[in-house]
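Notes for the structure review
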Amino acid sequence: MRAPTTRRLPPMLVLGLTGMWLLLNQTLAPGQILLGFVLAVGLSWAASTLRPLQPRPRNLHVAVGLVFVVLRDIVRSNIAVARIVLGLVRDRDVRSGFLEIPLDMRDPHGLAALAAIVTATPGTVWVDLSPDGSRLTLHVLDLQDEAAWIRLIKERYERPLMRIFES
Amino acid sequence: MTEIELPLWASVPATLLLIFGGLLTVIGSLGLLRLPDFYSRMHPPTMGTTLGAGCVLIASMIVSSALMHRPVVHELLITLFVVMTAPVTAMLLIRAAIHRGRLRNRK
Amino acid sequence: MLLTLIVLLPFLGSVCAALLPANARNAESWLSGVVTVACMALVASLYPQVADGEVVRAIIPWLPQYGLTFYLRMDGYAWLFAMLVSLMGALVVLYARYYMSPEDPVPRFFSFLLAFMGAMLGIVLSGNLIQLVVFWELTSLTSFMLIAYWYHRPDARRGARMAMTVTVAGGLCLLLGALMLGEIVGSYDLDEVLAAGNGIREHPWYTPVLVLVLLGALTKSAQFPFHFWLPHAMAAPTPVSAYLHSAAMVKAGVFLLARLWPVLAGTDEWFWIVCSAGASTLLLGAFCATFQRDMKGVLAYSTISHLGLITLLLGMNTPLALVAAVFHMMNHATFKASLFMATGIVDHETGTRDLKKLCGLRYRMPVTATVAIVAASAMAGVPLLNGFLSKEMFFEESIIAGSESGLRFTLPAVATLAGVFSVAYSVRFIHQVFFGPPAEDLPRRPQEPTRGMIVPSALLVAACLLVGILPSRTVGPLLETSMRSILGPDLPAYRLAVWHGFTVPFYMSLVALTGGVALYVLLCFRKKTMVPTPLLSRLDAKRAFDVINVAIVRGAGRLARFLFSRRLQTQLLLIVLLALGVAVLPFLVTEWTRGDMPLTPPDPLFALLWIVGAACAIGAALQAKFHRLAALIMLGGAGLVTCLTFAWFSAPDLALTQIAVEVVTIVLFLLGLRWLPRRLAFDTVDRQTLRARARRTRDAIIAVTSGIGIAALSFAALTRPRQSRLAAFFFDRSVEEAGGRNVVNVILVDFRGFDTLGEITVVGIVALIVYALLRRFRPAPESIGVPRAQRDDVLQGALPERLDDPLPRGYMKIPAVLLALALPLVRVCLFCLLLPGPR
C-alpha cells in the first residue's frame, strides 16, 4: 500500500480522541482539555497515513436509533443462544449454516460497523467478504429461514448504516 | 478485604448484574463443550464478551460511582475497545477454520 | 562564561552542521568558519587576563553533593593550546572547503570536525581530571568517525578501527590513572592535583599511576610501541590528517604529559620510561619516514618522530627541556599542518601521492612548491625557520640531560642521528615531488590550485618564517606566559634567539644538515630511494594487530564451546541445575521449618484458580515438543492466571505489566512459530528407546525437584517475620518527602531513580538500534513468500493487488479499517499511562 502524500486531519477523530483523553483521566479541567486536544491533533496527524479514507458520517440521529436497536438485539440474541446451549429448545432442530447476503453498501467504514454489530450479537458471525464487495458470508447458529435472516440484516442494519455513511 | 459500606441502591443492582454476567459467561463456556462443530462453537463465547462483560462493566460503574460519590463512566471505553477488536479476532479465527477445512477436503 | 562558550560553540555548530543538506559546501564552510573564528576571537580576548598570570575559571555546579561540577580552567598553557586548536581549525575549514569534492557528503564531515574541535578544546580547558578523560574519549570517537569518513573504502575502515581500539584502550588506562590520582590527592580538581606534586611522587601508588597515565598519553600520541595506528589513519581525508593527526589530536597526549609534568615528573621512573619511549620513537619514525612511498606516509612517520622528540624532551626532567617541548609542539603543528595541506593539494591536483610517480611539479605548481619547500625546511631544521630554533633547544637539552644521567654521548648521538634522518626525508620529500623532469603519466594534469587551498598553507609557512626570524618578538611572550603557568616562579632564564654563537648544538645542527643531505645523495646514488624500509618492512604492525584480534576472538569461542553447549536444551539444563544448586544452599544452613508467621486461611477460589494455572503449565510442558501451538496457548493461560493473582492481591499495575508482557511474548512466539518448519512426523520407535526415556525421566525429575524446591524456599522465606526496616523507611518517607501515594512507584521514580534512569537509557539505546537496523531492512528471501494460509486468498484476489489500493480487498478489509482506527485510541491510552507518573 502506498501511503498517500497528503495528510489530513479528521475533525471527528480529533474530537473523539480528546473526549477519550478526558474520559480516561476523569477530569474536565481546562488544562487537561488543552493537553488532550494537542495530543489528539498530534496523534491523528501521525495516524493519517494509515487511514487514507475518512468516514463521512451523516444523519447522526439514525445512529442513535441504531444503537438502541442493536442493544435490544444483543440482549435478545444472548438469551436465544443461551437457550440453545442449555438445550431448552426442544421443539425444533437447531441447524447452523452459512448465509450469503448480497450487499448494497460499499463504504468500508459502514462495513466495519456492520461487522461490529454482527459480531456483537451472538448467533451471527461474519465469515467472508467477496473481493468486489458484493457478497457477504455469515455463519448463523440458528438458521431456520434464510430469506428472513437476509431481510433482517438488510433492513435492520444495512439500511440505517447506508443512511449514515453513504448518503 | 476491608469492609466497604455500599448503599442499597448500588449494591443490589450490582450484585444482580454480576450474577447475571457471570452466568452468561459460564453458559458461553458451556457452549464450547456442548456444540458439535467449530463454527457453532464460535458463537457462545461472544455471549461472555458482549453481554457478560457489559453487565460486569455496568456493575463496576455503579459500585465506583457509589464509592466515589460522582459518576464514573470511563469504563465505557472498554466496551468500545471490545466492540472494535472482537470482529477482527472472530474473522481471523473463522478464516483459519475455513482454511483447515479446505486442507482436510483436499486430503 | 566566555570559557563555557568557547567549549560549547563548536558542539552547537556541529549539531547545526549535521542538519544542513548534503551538498551545501558553502553553507557548511561558512558555518564552520564562523564558529572557528569566533572561538579564536574568544580565546584571544582572554589573553590580557591570562598574560597577567591569572587563571580564568568557569564553574558550573551539577551535582555538588557528589563533587560533580563542570569546571573549565584556562591558564597560559591552556590558552596557548586553545589558540592553536582554534586557529588550526579555522585554517583547516578554509582548506577543506576547496579540498572536498562535490560528491562528498559534507555535513557529516564538518559536523564531526567541529565536534572534534569542541572535544579538543574541552581537553585543553578542562579543570577536572574525569572531565578531561570524558573529552579525551570524545576526541577518540570523533577521530574514528572522521578516519572512516569514506567508509566504502576498506583501508579507511581498518584504519579507523585500529585507531579507535588503540586510543580507547589508552583512554581506559588514563581513566584508571585519573581515578587513582584523584584518590591519592583526595579530589579530581586539577588545581589541587597540580599543587600536590610532592605527595604524589612519594606515594606508593606512584608507579602504577605513572604507567597508566603514560599508557593513555603514549597511545594517543602514537609513541612506540603504540605508533602503528597513525600511518593507517592516513586513509582519512587530508584536512582531517592536517588537523587531527598533526596539529591537534596527537598533541593531546604530549599536552597531558606537559600538563601533569609538575606532578609526575622529576623521578627516575619518569626519566627512563618516557625518555626511552621518546627516543625509540624518534629514531624509528625518522628511519621509516625515509623509505615511505606515499607522501602522507612520510609525513605520518615524521609526525611520529617529532612527537618522539617532544616526548624525549618531556622525559628529561629539566624545566628548560619542558620549555623546548612546548615550543616544539607549537612549531611542529605549524609546519606539519602546512605540509599536509601541500600534500593534499598535490593529491587533489595530480590524483596521486606516490613518490615514485611524482616528479618535477615545481614547473606547474610553483607557489605550492615554494610553500612546501619552506615548510619542509622548517621540518628539517634549516636556520631562520622555527624548526631550527626548537631543534637547537633540543640538541642543547640533550647534552645537558645526557651529562646528568650518565648518557653523555648516547643522548646527543641519538639526537643528531635523528636529525640526520629528518633532513634526509625532508630533502627526499621535496626532491622527489618537486624537482626533476616534469612527470608525464599522472592521472590528472597538474595546475596551480585555487587560492583558497593554498592560503592556509601559505599563512602557516609565513608564521614559520616569522617565528624563525624574530622569535622573541612574536612567540616569546606567549611561550613565557604558558611556561610561567606551568612552572610558576621556577621558570629558568632562556633566550629565544636565532644565533647563540658557535656552540655544540650549532655544530650538531650542522652535522645533521650535512649528514642528511649526504645520506640522501648516497641513497640516490645507489638507486635505493624507493626500496621498502630495510629490516622493518617485514614487521607488519597491521597484520600483527589483526592476528591478535583474531586470536582473542577464536580463543574466546573455544573457551565458550568448552565450558558450555550450543544446544538450547543443554543450556537450559545447565542453568536449571545451577539454580537448583544455589537454592539448596539455604537449606544446608538452616533446617526447613515453617517459620512463625501465621498462615492465612486458604481461599478455595484462589486454590481453584491455581489448579487451573498448574494444569495449563503442565499441559504446556507435555505438549511443547510436538504440539507447539497448544503448548503456547496453555502457556498463555498460565500467564493469565499469574495476572489474575496480581489483581487478586490488589496490585493492578503489576497485573497490567504482566498482561502486557504476556501478550508480547505470545505474539513473538507465534511469529517464531510461523517460520519454524511444520511438525515432523515423528518416529515412534525413536521415542521409546531406553536412552530417550532415561533422558526424559532425568529432565522430569530435575524439573519437579526444582519446582518443589523453589516453592519450599519461598514458603520458608515468606513465613518468617520480616527483618528489614526498609519497608518502614519507604512508607514513612514516601508521602512527605517524595509527594506520592503509591509507594512502589515512588521507589521506582524517586528513591531508586538512578536505576530507572539506567533502564530508560537502555530502552532508548535499543530503540535507536532497532530504528537503525530497520532503516535498511531487507527480509530474508525465504521468508518473503506468501505463507501457506494466504495462498488461497491470493488466488481469490483478497490481497491488495494494485499499489494504490488504499485497503485490502476481500476479507481483510474490515480488520484493516478497524485496526487503523484502533491505533490512535491505543496511543491515547499509552499516553494516559505514561504521563501522570506516580499518582
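Residues numbered from 1 in each chain as written. Chains lettered and ligands numbered in written order. Predicted model: local features only at pLDDT ≥ 70, side-chain atom pairs only at ≥ 80, totals over all residues. Heavy atoms only, no water.

1. Points about the interface of chain B and chain A
One widely used convention gives an interface's size as the accessible area the parts lose upon coming together. With 30 residues of chain B at the contact, the number on the chain A side is 28 residues. Of the roughly 2,500 Å² buried at the junction of chain B and chain A (both faces included), carbon and sulfur atoms supply 76%. Taken as a group, His 43, His 74 and Leu 77 of chain B account for 22% of the area that chain B buries against chain A, more than any other trio of residues on that side. At the junction of chain B with chain A, the criterion picks out one salt bridge. The salt bridge partner of Arg 95 of chain B is Asp 128 of chain A, with a shortest N-O separation of 3.4 Å. Applying the counting rule to chain B against chain A returns six residue pairs in polar contact (both at pLDDT 80 or more). For the side of chain B that touches chain A, the secondary structure elements donating two or more residues are α1 (8-34), α2 (38-41), α3 (43-68) and α4 (76-106) of chain B. Broken down by element, the residue count for the side of chain B that touches chain A peaks at 10 residues, all from α4 of chain B. Partitioned by chemical class, the residues of the side of chain B that touches chain A number 20 nonpolar, six polar and four charged. (Contact = heavy atoms within 4.5 Å. Buried area = accessible area lost by both parts, 1.4 Å probe. Salt bridge = Lys/Arg side-chain N within 4 Å of Asp/Glu carboxyl O. Polar contact = N/O pair within 3.5 Å; in protein donor to acceptor, adjacent residues only side chain to side chain. Helix = DSSP H or I, 4+ residues; strand = E, 2+ residues; numbered from the N terminus. Nonpolar A, V, L, I, M, F, W, Y, C, P; charged D, E, K, R; others polar.)

2. What to know about the pattern of salt bridges
All names here are of chain C. One pass over the full model with this rule turns up 16 salt bridges over all chains. Residue Arg 73 pairs with Asp 191 through a salt bridge whose shortest N-O separation is 2.5 Å. Of the two residues, Arg 73 is situated in strand β2 (residues 68-74) and Asp 191 in helix α8 (residues 190-195); the sequence distance between them amounts to 118 residues. The residue Arg 153 makes a salt bridge to Asp 155 at a minimum N-O spacing of 3.2 Å. For Arg 153, a relative accessible area of 30% puts it in the partly exposed group. Asp 155 gets classed as partly exposed once you look at its relative accessible area, which sits at 34%. What you see here is one network of salt bridges that share partners, running through Arg 57, Arg 73, Asp 75, Asp 191 and Arg 259. (Buried < 20%, exposed > 50% of the residue type's maximum accessible area, 1.4 Å probe, protein only.)

3. So, the sheet that holds strand β2 (residues 124-129) of chain A
Residue and element names in this part refer to chain A. Taken in spatial order, the three strands make up an open sheet running β1-β3-β2, and their pairing is antiparallel. Edge positions in the open sheet fall to β1 (97-102) and β2, since each of these has one partner strand only. For this sheet, the mean inter-axis angle between neighbouring strands, taken without regard to orientation, is 30°. (Pairing = 2+ DSSP bridges. Axes fitted to C-alpha atoms, helices over the stretch in contact; angles between N-to-C directions.)

4. Examining unusual backbone geometry
For residues besides glycine, phi is generally negative; the peptide bonds are generally trans as well. Residues and elements named next belong to chain C. Note that the residue after Phe 224, namely Pro 225, is joined by a cis bond; omega there is -5°. Along the chain, Pro 225 turns up in the loop between α10 (206-220) and α11 (229-232). Of note, the phi angle at Leu 384 is positive, near 75°, even though the residue is not glycine. For Leu 384, the position within the fold is in the loop between α18 (366-380) and α19 (386-405).

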